[in-house]
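Observations on chain architecture
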Amino acid sequence: MSGNRVVVIGAGFAGIEVARGLGRAGIPVTLIDRQNHHLFQPLLYQVATAALSPADIAEPVRKVLRGLESVEVVLGEVTGIDTAARTVALKNGAPVSYDYLVIATGATHSYFGHDEWSDFAPGLKTIEDAREIRSHLLLAFERAEMSRDAAEQKRLMTIAVIGGGPTGVELAGSIAELARHTLAKDFHHIRAETATVLLLEAGPRILTAFPQKLSDYAMRKLAKLGVTVRVNTPVERIIADEIVAKGETIHVGFAIWAAGVTASPLGKLLGVPLDRAGRVTVNRDLSVPGLKDIYVLGDLALTPDANGKPLPGLAQVAKQEGIHLGRALARKILRGQTAAPFTFHNRGNTAIVGRHAAVFDFGWWQFSGWLAWWFWAFIHVYLLAGFQHRLMVAIQWAWRYVTYESGSRLIVENTRER
Ligand SMILES: Cc1cc2nc3c(=O)[nH]c(=O)nc-3n(C[C@H](O)[C@H](O)[C@H](O)COP(=O)(O)OP(=O)(O)OC[C@H]3O[C@@H](n4cnc5c(N)ncnc54)[C@H](O)[C@@H]3O)c2cc1C
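Described below are features of the structure shown in this document. (Residues numbered from 1 in each chain as written. Predicted model: local features only at pLDDT ≥ 70, side-chain atom pairs only at ≥ 80, totals over all residues. Heavy atoms only, no water.)

1. A few points about the overall build of the protein chain
Broken down by element type, the protein chain carries 10 helices and 24 strands. The C-alpha atoms of the protein chain give a radius of gyration of 22 Å, which matches the 22 Å a tight globule of 418 residues would have. For the C-alpha atoms alone, the extent of the protein chain along its principal axes is close to 75 × 40 × 40 Å. Across the 418 residues that make up the protein chain, the buried fraction comes to 55%. (Helix = DSSP H or I, 4+ residues; strand = E, 2+ residues; numbered from the N terminus. Rg over C-alpha atoms; globule rule 2.2 N^0.38 Å. Buried < 20%, exposed > 50% of the residue type's maximum accessible area, 1.4 Å probe, protein only.)

Here is the structure:
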């Protein structure tokens with residue numbers, strides 16, 4: 001008789017919920033992640049723009065799962081999967097055997113074949129990325145303060161965000177606010193509020209996943225914040241201090257990449273067909289066609305909804321899938337029940353366009369402005385409090401956020417020279 005050890009790779013929104021569900025049912029689980037923390041990625045842009053500290057949005061995985069006796073946590077990077085031997089290879093450690101395998105390793109940046117751009121325009125996916133961006137951003141202003149050359153000061157205070165999706169919009173709005181409201185009071189030789197914040201988008205509009213009227217609203221709001229938005233402007237080259245976009249050379253103090261994501265490379269290890277974004281097509285119960293006892297979910301999966309349309313790469317999709325699979329797998333292991341298909345319940349898609357302005361899309365209803373912002377803030381206080389089990393931290397965050405008192409303006413030592 002086969003055993004019932006479940007190995008879960010990835011302690012993000014999807015994997016942590018699977019481990020939690022199985023742990024509550026007393027099923028032996030090994031949860032492997034290369035980071036020791038579970039990360040609340042939707043607020044990463046606030047760490048990158050000095051509004052929050054890393055510890056506000058990351059919790060140790062061991063702490064999150066404390067008390068679940070059957071769940072073992074392994075800090076390790078998975079480098080191989082042997083589906084015949086039913087083992088998972090680790091970079092530093094002995095292979096781990098499984099009876100059921102759950103893969104939830106998310107997504108990573110895509111530079112569309114130009115990986116060399118990552119040296120000059122980091123993307124935002126991890127705490128390290130956010131700290132690096134924060135340091136470069138703050139350093140650009142420090143260097144401008146030191147310079148006595150007006151043209152050099154202008155270059156250093158030109159920040160380009162590449163990619164007009166929610167992350168790019170949130171970063172651009174937040175950087176403009178940082179310069180105009182927080183840094184404006186702190187320097188002697190520069191006027192930080194005159195910084196140029198550029199948002200470059202290759203397509204015809206920003207926030208393409210949202211209806212046109214919400215894109216238009218975001219364009220107007222960003223302009224009000226002082227962000228220069230350029231659509232139909234593909235970036236063709238990025239080198240140190242310079243971007244070429246639509247044939248024009250732009251001298252920049254710093255650039256951030258928010259233009260593309262691709263699925264985690266672990267999908268390739270399964271030897272099954274992948275879509276163009278590297279995602280594994282799964283059945284509606286999240287199992288992988290042709291592979292017994294293997295499940296893929298979250299950003300790594302191409303999950304069809306009831307109408308066969310792929311679900312978006314969102315935290316709420318990953319979390320709901322994790323909760324579903326945790327319960328379904330527990331029922332299968334304990335009672336031999338067949339897993340039910342996953343059904344997504346849309347709780348609304350949102351993006352922040354600076355303080356006091358947001359867009360919300362529930363599919364059947366869309367709204368924007370102050371109300372949307374309060375809605376967003378309320379939901380994130382709730383989510384952060386639930387995430388950290390610390391209501392006070394969430395309330396302090398909300399207060400700092402409303403009052404423009406930036407939380408963590410630290411330049412850290414390991415910032416790479418560019
Ligand atoms: C900046 C940013 C902002 C976002 N904002 C929003 C938002 O506002 N709303 C929203 O709904 N969604 C948002 N998202 C998307 C959302 O965060 C993802 O959809 C969600 O995190 C996917 O969950 P997941 O569990 O699939 O992967 P993740 O949460 O990315 O977790 C993957 C885990 O796998 C681990 N891992 C990866 N490879 C390996 C390996 N080889 N070995 C071991 N461990 C590994 C990683 O360390 C990580 O812990 C945002 C994402 C980003 C990057």
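Once the structure has been displayed, the description carries forward.
2. Describing the nonpolar core
Membership of the largest hydrophobic core comes to 120 residues, with the highest contact counts inside it found for Ile57, Leu65 and Ile103. In terms of residues, this core owes the most to one element, helix H4 (residues 127-146), which gives eight residues. Built from parts of two domains, this core gets at least three residues from each of domain 1 (6-109 + 261-335) and domain 2 (119-259). Among the nonpolar cores identified, the runner-up in size contains 15 residues, and Ala160, Ile162, Leu200 and Ala255 belong to it. (Core = buried A, V, L, I, M, F, W, Y, C linked by side-chain atoms within 4.5 Å. Domains from an automatic or database assignment.)

3. A short note on the site of the ligand
The immediate surroundings of the ligand are formed by 27 residues, with Ala14, Asp33, Gln41, Asp299 and Ala315 found nearest. Separating an oxygen atom of the ligand from a backbone N or O atom of Phe13 is a distance of 3.1 Å. Between Leu314 and the ligand, the recorded distance is 3.4 Å, taken from a backbone N or O atom to an oxygen atom. Burial of the ligand by the protein chains amounts to 89% of its free accessible area of 1000 Å². Secondary-structure elements contributing two or more residues to the shell around the ligand are helix H1 (13-24) and helix H8 (315-335). Top contributing element to the shell around the ligand by residue count: H8, with three residues. Its residues assigned to classes, the shell around the ligand comprises 11 nonpolar, 11 polar and five charged. (Near = heavy atom within 4 Å. Polar contact = N/O pair within 3.5 Å; in protein donor to acceptor, adjacent residues only side chain to side chain. Areas by Shrake-Rupley, 256 points an atom, 1.4 Å probe, with all protein chains shown as cover. Nonpolar A, V, L, I, M, F, W, Y, C, P; charged D, E, K, R; others polar.)

4. Side note on the sheet that holds strand E8 (residues 93-97)
A sheet is described by the order of its strands in space; here three strands give the open sequence E6-E7-E8, paired in antiparallel fashion. Lying at the two open borders of the sheet, with one neighbouring strand each, are strand E6 (78-82) and E8. Sheet twist, expressed as the mean angle between neighbouring strand axes with direction ignored, is 20°. (Pairing = 2+ DSSP bridges. Axes fitted to C-alpha atoms, helices over the stretch in contact; angles between N-to-C directions.)

5. Quick notes on the sheet that holds strand E23 (residues 358-361)
Strand order in this open sheet of three strands is E22-E23-E24, and the pairing throughout is antiparallel. The strands lining the two open edges of the sheet, one partner per strand, are strand E22 (349-352) and strand E24 (366-369). Pairs of neighbouring strands in the sheet enclose a mean axial angle of 5°, with direction left out of account. Pairing analysis gives four bridges linking E22 to E23, with the strands arranged antiparallel. Among the inter-strand pairings, Ala351 is bridged to a residue of E23, identified as Val359.

6. So, the pattern of salt bridges
According to the stated counting rule, one finds 13 salt bridges in the structure shown. For Glu77, the salt bridge goes to Lys91, with nearest N and O atoms at 4.0 Å. Of this pair, Glu77 sits in the loop between strand E5 (71-75) and E6 while Lys91 sits in the loop between strand E7 (87-90) and E8, and the two are 14 residues apart along the sequence. For Lys91, a relative accessible area of 55% corresponds to the exposed category. A network of salt bridges, in which partner residues are shared, links Glu17, Arg20 and Lys319. (Salt bridge = Lys/Arg side-chain N within 4 Å of Asp/Glu carboxyl O.)

7. Some remarks on helix H6 (residues 166-182)
Between its first and last C-alpha atoms H6 spans 23 Å; for 17 residues at 1.5 Å apiece the expected length is 24 Å, and the two agree. Burial of H6 is extensive: 13 of the 17 residues sit out of reach of the surface. (Expected span 1.5 Å × (residues − 1).)

8. Observations concerning the packing of aromatic side chains
Two descriptors summarise a pair of aromatic rings, namely the distance from one centre to the other and the angle between the planes of the rings. Applying the stated criterion across every chain yields a total of 18 aromatic pairs. When the ring of Trp370 is compared with that of Trp374, the centres are 6.1 Å apart and the planes differ by 25°; the resulting orientation is stacked. Of this pair, Trp370 and Trp374 both sit in helix H9 (residues 370-388), four residues apart, roughly one helical turn. (Phe/Tyr/Trp six-rings, centres within 6.5 Å; stacked < 30°, edge-to-face > 60°.)

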